[in-house]
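Architecture at a glance
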Amino acid sequence: MTIFIVFTLIVIMSVVYLSLPGSGLYRQYHDEVNRSFHETDRSQTDAVFSHDAIEQLPEPIRNYIAYCGYLDTPVMDHMYADFTEADFVISPGDSPIKIRYEQYNFVTRPDRHAFIHAKMYGIPLSGKDSVIDGEGSMTIKLAKHFTVGYTEGDEMSQAQLVTALADAILMPSLFLQDYVTWELIDKTHVKATLTWGGVSASGVYTLNEVGEIIRFDTDDRYYDTGSEMVPRTWTIEYNDYQEKDGFRRPSSVRVFWHMDDRSEYTYFESHDYNVSFAAQ
């Protein structure tokens, strides 16, 4: 009887522990976010998206800033985005699971921090992406304690920087930074390159006839096949722009890899998220 009671208590305590929010990885995520808040320059509080400020940008990007309603508004120095219930597919062919995906992006230094909250068969699955002063890493933990994936190095740094470039459609003050250079391809395609800490990452923005950025493509990310990291085209599609909090933003986001058989592996899709530029 005593053994049964002890076993029951262990099971109950395990279930309660696994159901509690937060983890050591989540605390590390917030510690890194706080580091970026303290180390990045956030002093240009009076700057605005004036015509003069955006004059050096390619015309399609200037049109995008105007179309989305940023002209004459303050230049943000960071962004917090919260994708409250996104669909996430772990491997091609799997059924999607629901996740919460939150992230912080910074401007004067292109730091980026993202965290995935998920569950698999009731067991917490956590993921942390980050790039701090140009050094990128990714950590995945199961049941809060067991590291099942960790990646760092130049390829990860490049991947994180190019993701920050893609995220800039929600935080266009990054477009104004000296570390971003531009190449106008045509009226609806613009190439941007972000360089930081000796690492460069590039991607192409595609715009439609009304000035919306509807797509971002890059070859500067590497796909994990399970045995090696291989370069593959990575794409984000942005659809259904709507006005929220005074700005036009895409309400639908789809992220996918282009596979060797020419299929698309969509691993992230969201139709519900919030963006804030409020100071911490």
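The present account deals with the structure reproduced in this document. (Residues numbered from 1 in each chain as written. Predicted model: local features only at pLDDT ≥ 70, side-chain atom pairs only at ≥ 80, totals over all residues. Heavy atoms only, no water.)

A look at the overall build of the protein
Definition in use: Every helix listed is a DSSP run of H or I at least four residues long, and every strand listed is a run of E at least two residues long, numbered separately from the N terminus. Buried means the residue's accessible area, taken with a 1.4 Å probe over protein chains only, is under 20% of the maximum for its type, while exposed means over 50%, and partly exposed covers the values in between. The contact rule is simple, with two residues in contact once any of their heavy atoms fall within 4.5 Å. Reported accessibility uses the Shrake-Rupley method at a 1.4 Å probe radius. Residues are deemed covered only where the shown protein chains occlude them.
Scanning the protein from N- to C-terminus turns up four helices and 16 strands. Looking at the 280 residues of the protein, the share that counts as buried comes to 48%. Here the analysis covers contacts within the protein between residues at least 6 apart in sequence; of these, 49% occur between residues at least 24 apart. Summing over all exposed atoms, the protein offers an accessible surface of approximately 14,300 Å²; the carbon and sulfur share of this is 53%.

Notes on the nonpolar core
Among soluble globular proteins, nonpolar side chains are generally buried collectively. The test is simple: Among buried residues, the Ala, Val, Leu, Ile, Met, Phe, Trp, Tyr and Cys ones that are joined through side-chain atoms within 4.5 Å form a nonpolar core.
With 62 residues, the main nonpolar core has Phe 175, Tyr 205, Ile 213, Tyr 238 and Phe 268 as its most contacted residues. Considering every element that reaches this core, the biggest residue donor is strand 1 (residues 78-88), with five residues. Contact partners of Ile 213, with chain neighbours within four places excluded, come to Ile 61, Tyr 64, Ile 169, Phe 175, Tyr 205, Thr 206, Leu 207, Tyr 238 and Tyr 241. In terms of nonpolar packing, the next biggest core, distinct from the first, is built from nine residues, Val 33, Phe 37, Tyr 104 and Phe 115 among them.

What to know about the packing of aromatic side chains
The description of two aromatic rings rests on the distance between their centres and on the angle between their planes. Threshold: Ring pairs shown here join Phe, Tyr and Trp side chains whose ring centres sit within 6.5 Å, with only the six-membered ring taken for Trp; geometry is labelled stacked below 30 degrees between planes, edge-to-face above 60, and tilted in between.
Within this structure, the stated rule accounts for 25 aromatic pairs. Relative to Phe 115, the ring of Tyr 29 lies with its centre 5.4 Å away and its plane at 45°, an arrangement referred to as tilted. One end of the pair, Tyr 29, is in helix 2 (residues 24-39); the other, Phe 115, is in strand 3 (residues 112-120), with 86 residues separating them in the sequence. Aromatic side chains Phe 88 and Tyr 267 sit 6.2 Å apart centroid to centroid with 85° between the ring planes, which places their arrangement in the edge-to-face category.

Describing the pairing of strand 1
In plain terms, the rule: Paired strands, as defined in this entry, are two strands with at least two bridges between them according to DSSP.
With eight of 11 residues buried, strand 1 lies mostly within the body of the structure. As paired strands, strand 1 and strand 2 (residues 97-106) are joined by nine bridges and run antiparallel to one another. For Ala 86, the partnering residue across the bridge sits in strand 2 and is Ile 99. The sheet contact formed by strand 1 and strand 16 (residues 273-276) spans four bridges and is antiparallel. Within the sheet, the bridge partner assigned to Ala 81 lies in strand 16 and is Val 275.

Quick word on helix 2
Our working definition: A helix is expected to span 1.5 Å for every residue after the first. To obtain the arc, one takes the directions from the helix axis to the C-beta atoms.
With 16 residues, helix 2 should reach 22 Å at 1.5 Å per residue; the first-to-last C-alpha distance of 22 Å fits that figure. Of the positions making up helix 2, those classed as buried are Leu 25, Tyr 26, Tyr 29, Glu 32, Val 33, Ser 36 and Phe 37. Projected down its long axis, helix 2 shows its buried positions confined to an angular sector of 145°, all on one face. Exposed side chains of helix 2 directed beyond 90 degrees from the buried face belong to Arg 27, Asp 31 and His 38. Those residues of helix 2 hidden inside the fold are in contact with strand 1, strand 2, strand 3, strand 4 (123-132) and strand 5 (135-142).

Some words on the pairing of strand 7 (residues 180-186)
Pairing analysis gives six bridges linking strand 7 to strand 8 (residues 189-196), with the strands arranged antiparallel. Residue pairing in the sheet places Asp 186 in a bridge with His 189 of strand 8. Once strand 7 ends, the chain turns through two residues before running back antiparallel as strand 8.

Details of the environment of Gly 136
Checked against the element boundaries, Gly 136 lands in strand 5. For Gly 136 and Ser 157, which are 21 residues apart along the polypeptide, the C-alpha to C-alpha distance reads 3.9 Å. When sequence neighbours within four positions are dropped, the list of residues in contact with Gly 136 reads Ser 130, Val 131, Thr 151, Glu 152, Gly 153, Met 156, Ser 157 and Gln 160.

Examining the pattern of salt bridges
Any two side chains of opposite charge can pair, given that their charged atoms come close. To keep it simple, the criterion reads: Here a salt bridge means any side-chain nitrogen of Lys or Arg lying within 4 Å of a carboxyl oxygen belonging to Asp or Glu.
A complete count under the given rule lists 14 salt bridges for this structure. Among the ionic pairs, Arg 100 bridges to Asp 82, the shortest N-O distance being 3.0 Å. Highlighted residues: Arg 100 in strand 2 and Asp 82 in strand 1, separated in sequence by 18 residues. Taking the relative accessible area as the measure of exposure, Arg 100 reaches 30% and is therefore partly exposed. Within the structure, one salt-bridge network assembled from shared partners comprises Arg 215, Asp 217, Glu 237, Arg 254 and Glu 264.

Overview of the environment of Tyr 70
The topology assignment puts Tyr 70 in the loop between helix 3 (59-67) and strand 1. For Tyr 70, a relative accessible area of 0% translates into the label buried. C-alpha of Tyr 70 to C-alpha of Gly 246: the two residues are 176 residues apart in sequence and 8.7 Å apart in space. The contacts of Tyr 70, once residues within four sequence positions are left out, are Phe 49, Ile 65, Met 76, Ile 169, Leu 170, Pro 172, Phe 247 and Arg 249.

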